[in-house]
Amino acid sequence: MDNNTKVWLIAIFVIFILLLMRWRWKYDTAKENEKKERQRKIKSNYESSLKEIDKAEAVRLGRVYYGSLREDGRVITYDGQAISNNLNTMK
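Residues numbered from 1 in each chain as written. Predicted model: local features only at pLDDT ≥ 70, side-chain atom pairs only at ≥ 80, totals over all residues. Heavy atoms only, no water.

A word on the packing of helix 1 (residues 3-50) against helix 2 (residues 55-68). For the pair helix 1 and helix 2, interaxial distance at closest approach is 9 Å and the crossing angle is 155°. For the element pair helix 1 / helix 2, the angle class is roughly antiparallel. Note that helix 1 runs across helix 2; the crossing there is left-handed. In this structure, helix 1 contributes Gln39, Ile42, Lys43, Asn45, Tyr46, Ser49 and Leu50 to the contact, and helix 2 contributes Ala58, Leu61, Gly62, Val64, Tyr65, Tyr66 and Ser68. Residue composition of the contact of helix 1 with helix 2, grouped by class: eight nonpolar, five polar and one charged. (Axes fitted to C-alpha atoms, helices over the stretch in contact; angles between N-to-C directions. Helix = DSSP H or I, 4+ residues; strand = E, 2+ residues; numbered from the N terminus. Parallel < 35°, antiparallel > 145°, perpendicular 65-115°, else oblique. Left-handed = near helix turned anticlockwise from the far one by under 90°. Contact = heavy atoms within 4.5 Å. Nonpolar A, V, L, I, M, F, W, Y, C, P; charged D, E, K, R; others polar.)

A separate point is the confidence of the model for the protein. The predicted model of the protein averages 90 in pLDDT, with 99% of residues at 70 or higher. Taken element by element, the predicted model of the protein shows its lowest mean pLDDT in helix 1 (90) and its highest in helix 2 (93). (pLDDT = per-residue confidence, 0-100.)

Looking now at the packing of aromatic side chains. Two aromatic rings are characterised by how far apart their centres lie and by the angle between their planes. Applying the stated criterion across every chain, the model contains four aromatic pairs. Between tyrosine 46 and tyrosine 65, the ring centres sit 5.8 Å apart and the planes meet at 20°, which makes this aromatic pair stacked. Of this pair, tyrosine 46 sits in helix 1 while tyrosine 65 is found in helix 2, placing the two residues 19 residues apart along the sequence. The residues tyrosine 46 and tyrosine 65 share a single accessibility class, namely buried. Judged by centre distance (5.0 Å) and plane angle (65°), the ring pair of tyrosine 65 and tyrosine 66 falls under edge-to-face. This pair shows no difference in class: tyrosine 65 is buried, exactly as tyrosine 66 is. By way of ring pairs, the aromatic residues Tyr46, Tyr65 and Tyr66 are connected into one cluster. (Phe/Tyr/Trp six-rings, centres within 6.5 Å; stacked < 30°, edge-to-face > 60°. Buried < 20%, exposed > 50% of the residue type's maximum accessible area, 1.4 Å probe, protein only.)

If you check helix 2, its first and last C-alpha atoms are 20 Å apart, about what 14 residues at 1.5 Å a residue would give, namely 20 Å. Residues Ala58, Leu61, Gly62, Tyr65, Tyr66, Gly67 and Ser68 constitute the buried set of helix 2. In this fold, the buried residues of helix 2 make contact with helix 1 and helix 3 (77-87). Near the N-terminus of helix 2, the side chain that reaches the backbone nitrogen of alanine 56, with its oxygen 3.3 Å away, is that of aspartate 54. (Expected span 1.5 Å × (residues − 1). Polar contact = N/O pair within 3.5 Å; in protein donor to acceptor, adjacent residues only side chain to side chain.)

See the structure below:
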C-alpha cells in the first residue's frame, strides 16, 4: 500500500468518525428535547391539578412530576414536602 492510499484511508476514516459523532449529537439532542417536552407536559398537568378540587389526583401527579425530575424516577422526602406545600395552596 503506497502513502497516497494510506492518506485516503485515514481521511475516509476521519470523515466517517465525524459523521458518526454528528449523528450521535443529533440523536442525543432530539432525545433531550423529547424529555424536556415530556417534563413540561407533566408539570403543566400537575399545576392544573393544583387548581382543581381533587387532592388525591394532585398528589399523584405531583409524584409523577417530581419523579420525572430525577434520573431514577424516585420521589424523595423533599419532593413529598414540596407536594405538601403545593397542596396547601389549593382552593
